[in-house]
Amino acid sequence: MKKAALVSLLLATCMPTAALAEPLLLISIDGLRPGDVLEADKRGLSLPNLRRLLTDGAHASGVTGVAPTLTYPSHTTLMTGVSPAKHGIVANNSFDPTGINQGGWYWYAQDIKVPTLWEAATKAGLSTGNIHWPVSVAAKGVSWNLPQIWHTGHPDDAKLLDALATPGLKAELETAVGQPYAMGIDESLSGDQLRGRFATALIAAHKPDFLTVYLTALDHEQHGVGPDTPQAKAVLEKIDAIVGDLVAAERKAHPDAVVALVSDHGFEATHTGLNLFRAFIDDGLIMLDKDGKVASWQAMPWIAGGSAAIMLSRPEDAAIATRTKALLDRLAANPANGIAAVLDKATIAKAGANPQATFLINLQPGFVTDIYRGPAAPLVAPTPVKGMHGYLPGPAHLEATFLITGPNIAKGKDLGRIDMRAIAPTLAKAMGATLPDAQAAPVDLK
Ligand SMILES: [Zn+2]
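Right, let's get into the domain arrangement of the protein. As far as domains go, the protein holds domain 1 (20-267 + 395-430) and domain 2 (272-385). Each of domain 1 and domain 2 has a C-alpha centre, and the two are 31 Å apart. Of the residues lining the interface, 16 residues belong to domain 1; the matching set on domain 2 comes to 16 residues. Summed over both sides, the interface of domain 1 with domain 2 buries roughly 1,200 Å², with 69% coming from carbon and sulfur. Ranking the residues of domain 1 by area buried against domain 2 places Val90, Phe95 and Pro97 at the top, with a combined share of 41%. Linking domain 1 to domain 2 there are zero salt bridges. Where domain 1 packs against domain 2, one counts two residue pairs in polar contact (both at pLDDT 80 or more).

So, on to the pattern of salt bridges. Note on pairing: side chains with opposite charge can pair once their charged atoms come close. On inspection of all chains with the given rule, the structure shows 18 salt bridges. Asp192 serves as the salt-bridge partner of Arg195, at 3.8 Å between the closest nitrogen and oxygen. Placement of the pair is Arg195 and Asp192 together in helix H9 (residues 189-206), with a separation of three residues, close to one helical turn. When sorted by exposure, Arg195 lands in the same class as Asp192, which is buried. Note that Arg314 and Asp317 form a salt bridge whose closest N and O atoms lie 3.2 Å from each other. Residue class for Arg314 comes out partly exposed when judged on its relative accessible area of 37%. Linked through salt bridges whose partners overlap, the residues forming this network are Arg33, Asp36, Glu39, Lys42, Arg43 and Asp228.

Before going further, it helps to examine the packing of aromatic side chains. Evaluation of the coordinates by the stated rule reveals eight aromatic pairs. Residues Trp107 and Trp150 carry aromatic rings whose centres are separated by 5.1 Å and whose planes lie at 85° to one another, so their mutual orientation is edge-to-face. Of the two residues, Trp107 is situated in the loop between helix H5 (84-87) and helix H6 (117-123) and Trp150 in the loop between strand E5 (144-146) and helix H7 (156-164); the sequence distance between them amounts to 43 residues. Residue classification places Trp107 among the buried positions, given a relative accessible area of 8%. The class for Trp150 is buried, based on a relative accessible area of 12%.

Taken in spatial order, the seven strands line up as E2-E19-E7-E1-E6-E4-E5 in an open sheet, and their pairing is mixed. This sheet does not close on itself; its edge strands, each paired only once, are strand E2 (58-59) and E5. Relative to the sheet, helix H3 (residues 48-56) contacts strand E1 (24-29), E2, strand E7 (258-262) and strand E19 (402-405), its axis offset from that of E19 by approximately 70°. Most of the contacts of H9 go to strand E4 (residues 128-131), to which it runs at about 165°, and overall it touches E4, E5 and strand E6 (210-215).

Our next topic: the sheet that holds strand E14 (residues 339-343). In spatial order, the strands read E12-E13-E15-E14; together these four strands make up an open sheet with antiparallel pairing. Single-partner strands in this sheet number two, and they are strand E12 (299-304) and E14. Neighbour-to-neighbour, the strand axes of this sheet turn through a mean angle of 20°, independent of strand direction. Strand direction decides the pairing type here: strand E13 (residues 307-312) and strand E15 (residues 359-363), joined by four bridges, are antiparallel. Paired with Ile310 across the strands is Phe359, a residue of E15. Across the sheet, helix H13 (residues 318-333) touches E12, E13, E14 and E15, and the angle it forms with E14 is around 160°.

Okay, the environment of Gly412 next. You can see Gly412 is positioned in the loop between E19 and strand E20 (417-419). Gly412 gets classed as partly exposed once you look at its relative accessible area, which sits at 45%. A C-alpha to C-alpha distance of 6.1 Å links Gly412 and Asp56, two positions 356 residues apart in sequence. When near neighbours in sequence (up to four residues on either side) are disregarded, Gly412 contacts Leu54, Thr55, Gly57 and His59.

Here we come to the confidence of the model for the protein. Taken over all residues, the pLDDT of the protein has a mean of 95, while the share at 70 or more is 96%. Within the model, the stretch residues 1-5 combines pLDDT values under 50 with nine contacts to residues more than four positions away or in other chains. This stretch, residues 7-19, has a pLDDT under 50; its non-local contacts, to residues over four places away or in other chains, come to seven contacts.

Another aspect to go through is the nonpolar core. In terms of nonpolar packing, the biggest core is built from 137 residues, with Ile29, Leu50, Phe280 and Phe402 touching the most fellow members. By residue number, the principal contributor to this core is helix H11 (residues 230-253), which donates 10 residues. In this structure, this core is formed jointly by two domains, domain 1 (20-267 + 395-430) and domain 2 (272-385), each of which donates at least three residues. Contact partners of Leu50, with chain neighbours within four places excluded, come to Ile29, Val37, Leu236, Asp240, Val243, Leu261 and Leu403.

With that out of the way, let us pick up the packing of helix H8 (residues 169-177) against H9. At a closest axis distance of 9 Å, the pairing of H8 and H9 adopts a crossing angle of 100°. With respect to H9, the axis of H8 lies roughly perpendicular. Together, Leu169, Lys170, Glu172, Leu173, Glu174, Ala176 and Val177 of H8 and Arg197, Phe198, Ala201, Leu202, Ala205 and His206 of H9 make up the contact between the two elements.

Thresholds, definitions, all that
- Residues numbered from 1 in each chain as written.
- Predicted model: local features only at pLDDT ≥ 70, side-chain atom pairs only at ≥ 80, totals over all residues.
- Heavy atoms only, no water.
- Domains from an automatic or database assignment.
- Contact = heavy atoms within 4.5 Å.
- Buried area = accessible area lost by both parts, 1.4 Å probe.
- Salt bridge = Lys/Arg side-chain N within 4 Å of Asp/Glu carboxyl O.
- Polar contact = N/O pair within 3.5 Å; in protein donor to acceptor, adjacent residues only side chain to side chain.
- Helix = DSSP H or I, 4+ residues; strand = E, 2+ residues; numbered from the N terminus.
- Buried < 20%, exposed > 50% of the residue type's maximum accessible area, 1.4 Å probe, protein only.
- Phe/Tyr/Trp six-rings, centres within 6.5 Å; stacked < 30°, edge-to-face > 60°.
- Pairing = 2+ DSSP bridges.
- Axes fitted to C-alpha atoms, helices over the stretch in contact; angles between N-to-C directions.
- pLDDT = per-residue confidence, 0-100.
- Core = buried A, V, L, I, M, F, W, Y, C linked by side-chain atoms within 4.5 Å.
- Parallel < 35°, antiparallel > 145°, perpendicular 65-115°, else oblique.

Right, here's the structure in full:
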């Protein structure tokens, strides 16, 4: 903070308007819909800490997300202010047509193609910390980093995190908290509670000027039992208590701190799975070996929850593109498949979505794209998944959350509906940092 204040003072001497330079705590609650906070009473939710952020600061009535409305692409937009097409994190999972990557995710920050808020804050002279934010392994500009990573859930995953975290940090905080750190694969409420305790210990020990904290249990619950269920509401009420502890710790370390609460996407209730692999296999675009594994492919779905990018092995081959498009159009013509739209390259680019894809299909609310479950799985079947996102942004159910409070921020101000890409430059400005690559202007918080 002292460094930040100094930078602010130096800027003030050479610029007509001085940049603000407040410490910043950024908390993400995965899958939090704005209405759960804005209409908490109506929905029967007791969220005293989230409601306090709402009344003490400014808030968006809704945040229009990015394509696809998935956790990793969205969290990277929250950290960079640009669309997935530009930052490079175009899905949760990396593309893996033959299934050799054991379900690997985009864990590694080296895949992010533009500067992040961590880097911008470091450049502005601030110290930075991170607890479990997506796409944070080996992230540049993080002074104290416990990144999100998992492998199989085996106890060895703890050693993997030891190797990838800031040296000594995990052991230091485990001593302070008196418990081992949560496993990366753990998306339960107790995992969130433990990460909350590690975040408050990090704040107490190192007072990072900029800290990111990611909480995942609400998303997990809404996938499992659906949004608007008693179980999801109970989890959110418990997460509210974690937020209360984090804000109290931050205010103790930095009385002048800005606190921002975000989410990455909303949720649709779901009932039906669409197994695109079935159609691609039947059409000969995916060839299987005798064990039912992918032997070769000409076109391949890259699934993303409520949407799927369609990849071609040779994108320049017009004949395969035409054949694939004909298949997608046939599938879309049957309402039972739940396909809302088939996008071509031009419309994909306009949406800021996956530039590697030749086509992209967006599903109707209620439908999800299935993972590959072997050669016998049917095209359409009821899905055990009760809630999903990953569709193209736009529908109100998919909107994300933005609440922000601090010394120079208007109390009770409704910012209206904002673009998710505006959040990172807004936060950068509050810290006295800049993100020149951002695709949206900062929001006026006064
Ligand atoms: Zn998410």
